[in-house]
Amino acid sequence: ERHKDFWQITEDSLDKSMKTFKIDSSMRNELLNLYKVLSPFKEVPETLKILKEKKFKLAILSNGTPDLLNELVKSNNLDNLFDDLFSIENVGVYKPDSKVYDMPIKKYGFDKNEIAFLSANTWDVSGGGNYGYNAIWVNRNKNIFDNLDYKPNSEIKDLSELLDKV
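Calculation notes
Residues numbered from 1 in each chain as written. Predicted model: local features only at pLDDT ≥ 70, side-chain atom pairs only at ≥ 80, totals over all residues. Heavy atoms only, no water. Core = buried A, V, L, I, M, F, W, Y, C linked by side-chain atoms within 4.5 Å. Buried < 20%, exposed > 50% of the residue type's maximum accessible area, 1.4 Å probe, protein only. Helix = DSSP H or I, 4+ residues; strand = E, 2+ residues; numbered from the N terminus. Contact = heavy atoms within 4.5 Å. Pairing = 2+ DSSP bridges. Axes fitted to C-alpha atoms, helices over the stretch in contact; angles between N-to-C directions.

Chemist: I tried to follow the nonpolar core on my own but got confused; where do I start?
Modeler: Soluble globular proteins: nonpolar side chains tend toward being buried together. Membership of the largest hydrophobic core comes to 13 residues, with the highest contact counts inside it found for Leu48, Leu58, Leu78, Phe82, Ile156 and Leu162. Listing elements by their share of this core, those giving two or more residues are helix H3 (44-53) and strand E4 (134-138). Considering each element in turn, this core owes the most residues, 3 residues, to H3. Beyond its immediate sequence surroundings of up to four residues, Leu162 is in contact with Leu51, Leu118, Ile136 and Ile156. One finds Phe86, Tyr101, Met103 and Tyr133 within the second-largest nonpolar core, a separate group that totals 12 residues.

Following this line, the structure appears as structure tokens:
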């Protein structure tokens, strides 16, 4: 039942990769800082804005740390669009543990099936779907869904396609 926050895992993973690929360690901080300024896909800001205007609650449910999530949404001018940024750090376990998926249910009082849960990660779609969310796979690269014990209710190629489903 040990827990290490996502940022520490990110650092550990980078350190291993840098050793494996013999990348000069002087680049470590620069590479870590790039992770903090990830840009959204081009349709994301406009799609979120439209969903917000339609009065949908919008939230991020992430294995990332609260600081990282806050930094990412602010650096991309998306902070005014999200109602909540849920981090696993609040429950101390990672997805797909049900304690993580419980957070929005407890906060909003919704039934599980009232939540559209989107992810590009098949393991996360499976976790959310098995939990009871309406899981939607964002399949940008026309991949094949992994052999998991859950198949998504819906598949979209990018976030803009969500507008046709809600």
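Chemist: Just checking my understanding: could you explain the sheet that holds strand E5 (residues 154-156) for this structure?
Modeler: By way of backbone hydrogen bonds, the strands of a sheet pair with one another, either parallel or antiparallel. If you walk across this open sheet you meet the 3 strands as E3-E4-E5, and the pairing is parallel. With one partner strand each, in any of the chains shown, strand E3 (116-119) and E5 form the two edges of the open sheet. Mean inter-strand twist for the sheet, computed between neighbouring axes without regard to direction, equals 30°. Where E3 and E4 come together, 4 bridges link them in parallel fashion. Looking across to E4, one finds that Ser119 is bridged to Trp137. Across the sheet, helix H6 (residues 122-131) is in contact with E3 and E4; its angle to E4 comes to roughly 170°.

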